[in-house]
Structures are given as C-alpha cells and as structure tokens.
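Remarks on the overall topology
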Amino acid sequence: MKPAVMLFAWAVTAAAYGQTYKWVDQDGRIRYGDTPPPGANARALKAPSRPPAPVEKKDNKDSKDSKAGDKEKELSPEAAFRKRQQERQEAEQKAEKERADAAQKQQNCASAQTYLRTLQTGQRIVSTDAAGERVYMEEGQRQQAIERAQRSVGEWCK
C-alpha cells in the first residue's frame with residue numbers, strides 16, 4: 001500500500017478519536033499527527049462533527065387537532081406517501097368488502113323472495129328426511145315456513 005494512502009487513513013482514523021494536526025516538515029512534505037513537532041507551523045484539523053441531537057417539540061395538550069397536525073408535519077415526504085398509500089389501500093379494501101356484502105345481501109334477498117313465492121303458490125313442497133325418504137310439507141308447516149320466509153325477506157330486502 002502506498003504511504004500516502006496509509007497516512008490519509010491514519011489521519012482520518014485519528015481525527016475520529018482526537019485532535020489532528022497538519023504541518024509541513026523540513027523536506028516540504030505534508031505530515032499529519034496528533035502532536036506536531038516543536039517549532040512547526042501546525043494547523044489543527046477540524047474534528048468530525050456529530051449530528052445534532054433531536055429537539056423535542058412541546059405539544060399543546062389542550063388541542064387534539066394540533067397534535068394530529070404536528071404528527072403529519074413531522075413525517076418525511078416518503079413516509080407521508082407511504083401513509084397515504086396505506087390509507088388508500090385500506091379504503092379500497094373497505095369499499096370492496098362493502099360491495100361484496102351488498103352483493104351477498106342482494107342474493108339472499110332474491111333467494112328469500114323466491115322461496116316465499118314458492119310457498120305461497122300452494123304447490124306441494126317435498127323434502128328428504130334423514131333416512132332419504134320423501135316427506136311432504138303439511139299445511140301447518142307451510143304456514144310456519146311462510147312466516148319465516150316473510151321475516152327473511154324483511155331482513156334481507158330492506
């Protein structure tokens with residue numbers, strides 16, 4: 001490795017740990033070190049600065065609106081963009097869920113209305129029991145089924 005590169009690396013490393021000086025020696029070469037030789041015209045190099053400590057904002061605890069506004073002001077443009085994207089995605093998901101619920105409600109309404117019309121026609125209604133045999137609906141059962149179907153229509157077709 002070249003001596004100049006090593007010297008520069010040493011100077012940078014030394015600057016991180018303490019004060020570093022730069023001077024020109026008797027041969028006209030530039031030298032770096034933490035202590036200059038006596039009588040040399042040495043110049044102190046600036047130590048690397050530390051990032052400033054974060055400043056805490058004092059919120060007005062009386063107003064919730066000012067807190068919400070301050071939080072949005074504190075967001076970086078990229079974070080604000082991500083937040084808007086997430087809010088938009090959540091709104092789209094909510095709208096999609098509402099559309100699916102509305103479609104399901106409409107389908108349930110149509111089924112309930114069809115079943116009520118079928119019961120009201122007076123046709124014989126047949127179902128299958130657990131043994132697999134046909135069972136015909138009696139008139140008392142038909143009236144109870146009509147009442148249940150009317151409640152279903154009222155519930156789903158609001």
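This text goes with the structure placed above it.
Rules used in this analysis
- Residues numbered from 1 in each chain as written.
- Predicted model: local features only at pLDDT ≥ 70, side-chain atom pairs only at ≥ 80, totals over all residues.
- Heavy atoms only, no water.
- Disulfide = S-S within 2.5 Å.
- Helix = DSSP H or I, 4+ residues; strand = E, 2+ residues; numbered from the N terminus.
- Buried < 20%, exposed > 50% of the residue type's maximum accessible area, 1.4 Å probe, protein only.
- Pairing = 2+ DSSP bridges.
- Phe/Tyr/Trp six-rings, centres within 6.5 Å; stacked < 30°, edge-to-face > 60°.
- Lys NZ or Arg CZ within 6 Å of the ring centre and 35° of its normal.
- Axes fitted to C-alpha atoms, helices over the stretch in contact; angles between N-to-C directions.
- Salt bridge = Lys/Arg side-chain N within 4 Å of Asp/Glu carboxyl O.
- Core = buried A, V, L, I, M, F, W, Y, C linked by side-chain atoms within 4.5 Å.
- Contact = heavy atoms within 4.5 Å.

1. Quick look at the state of the cysteines
A full pass over the atoms with the stated rule returns one disulfide. Paired by a disulfide, Cys109 and Cys157 hold their sulfur atoms 1.7 Å apart. Every disulfide takes its handedness from the sign of the S-S torsion; for Cys109 and Cys157 that torsion is 115°, giving right-handed. You can see Cys109 sitting in helix H3 (residues 77–120) and its partner Cys157 sitting in the segment after helix H4 (139–156), a full 48 residues away along the chain. Judged by its relative accessible area of 27%, Cys157 falls in the partly exposed class.

2. Brief notes about the pairing of strand E1 (residues 20–24)
Examined bridge by bridge, E1 and strand E3 (residues 43–45) share three bridges and lie antiparallel to one another. Paired with Tyr21 across the strands is Ala44, a residue of E3. Of the strand pairs in this sheet, E1 and strand E2 (residues 30–33) are connected by four bridges, and their pairing is antiparallel. Residue Val24 lies in a different strand from E2, and its bridge partner there is Ile30. Between E1 and E2, which pair antiparallel one after the other, the connecting turn spans five residues, and Gly28 there sits at a positive phi close to 90°.

3. Regarding the packing of aromatic side chains
Under the definition given, this model contains zero aromatic pairs. Its end group placed over the ring of Tyr136, Arg124 keeps NZ or CZ at 4.1 Å from the ring centre.

4. Re the sheet that holds E1
Read from one edge to the other, the open sheet built from three strands follows the order E2-E1-E3, with strand pairing classed as antiparallel. The open sheet has two edge strands, E2 and E3, and neither has a second partner. With strand direction ignored, the average angle separating the axes of adjacent strands in the sheet is 30°.

5. Section: the pattern of salt bridges
Side-chain pairing between opposite charges can occur once the charged atoms of the two side chains come close. Evaluated as defined, the whole model comprises six salt bridges. Residue Lys97 pairs with Asp101 through a salt bridge whose shortest N-O separation is 3.4 Å. Taken together, the residues span about one helical turn, with Lys97 and Asp101 both in helix H3 at a distance of four residues. We classify Lys97 as exposed; its relative accessible area is 54%. Assessed through its relative accessible area of 43%, Asp101 is described here as partly exposed.

6. Describing the nonpolar core
One broad rule of soluble globular proteins: the nonpolar side chains tend to lie buried together. In this structure, Ala112, Leu116, Leu119, Ile125, Ala145, Ile146, Ala149 and Val153 together form the largest nonpolar core, which totals eight residues. The contact partners of Ala149, leaving out residues within four places of it in the chain, are Tyr115, Leu116 and Leu119.

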